[in-house]
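The lines below spell out each chain.
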Amino acid sequence: MSAGKAIYGILSANAGVSALVSTRIYPDIATQDTAFPFVVYQIEGTTPSDTKDGVSKMDMVDFAVMAYAKSYTSAQDIASACRTALDRYSGTMQGVTVDSIIFKDQQSAQMNADEKVFAVMQAYSLRQKR
């Protein structure tokens, strides 16, 4: 099962995130005509737990969440809602068993000065039971 399904499910089921971006939550990329604000998430890598007698029963999935908005404050608010939804989450979402999600880092940037697009990038690690 894909960790991406769990990430989407957690974000879209969270009232705080939904209130700010509605259903505009996308894997990997949003199309050029996507309305602001929105969230994009990306799986950056998966590290299995090494075992001597079989396949990994637990994977560590590193992923990023990017909040895009037309104002600095809105981008920060979306990032805060995403962190509230994801940080220390555990449970089963969309058929994926999540042992825990750990917030690791956050950075903000003005992505396009002419169009006043702001972004906040967050890094997480997700422990997925297989």
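So, here is what we can say about the structure in this document. Predicted model only: the values in this text are computed from it and were never measured. (Residues numbered from 1 in each chain as written. Predicted model: local features only at pLDDT ≥ 70, side-chain atom pairs only at ≥ 80, totals over all residues. Heavy atoms only, no water.)

**Describing the pattern of salt bridges**
In plain terms, the rule: The term salt bridge refers to a pairing of a side-chain nitrogen on Lys or Arg with a carboxyl oxygen on Asp or Glu at a separation within 4 Å. Runs of H or I in DSSP of at least four residues are treated as helices and runs of E of at least two as strands, each being numbered from the N terminus. Only protein chains enter the accessibility calculation, which uses a 1.4 Å probe. A residue is then buried if its area is under 20% of the maximum for its type, exposed if over 50%, and partly exposed in between.
Overall, the coordinates contain five salt bridges when judged by the stated rule. For Asp62, the salt bridge is made with Lys104, and the minimal N-O distance between the two is 3.3 Å. Residue Asp62 is found in strand E3 (residues 58-69), and its partner Lys104 is found in strand E5 (residues 96-112); the two are separated by 42 residues along the sequence. When its relative accessible area of 23% is taken as the criterion, Asp62 is described as partly exposed. The exposure class assigned to Lys104 is partly exposed, which follows from its relative accessible area of 47%. Ionic pairing is found between Lys129 and Asp99, a salt bridge with its closest N-O pair at 3.9 Å. Highlighted residues: Lys129 in strand E6 (residues 117-129) and Asp99 in strand E5, separated in sequence by 30 residues. According to the relative accessible area criterion, Asp99 is partly exposed, its value standing at 27%.

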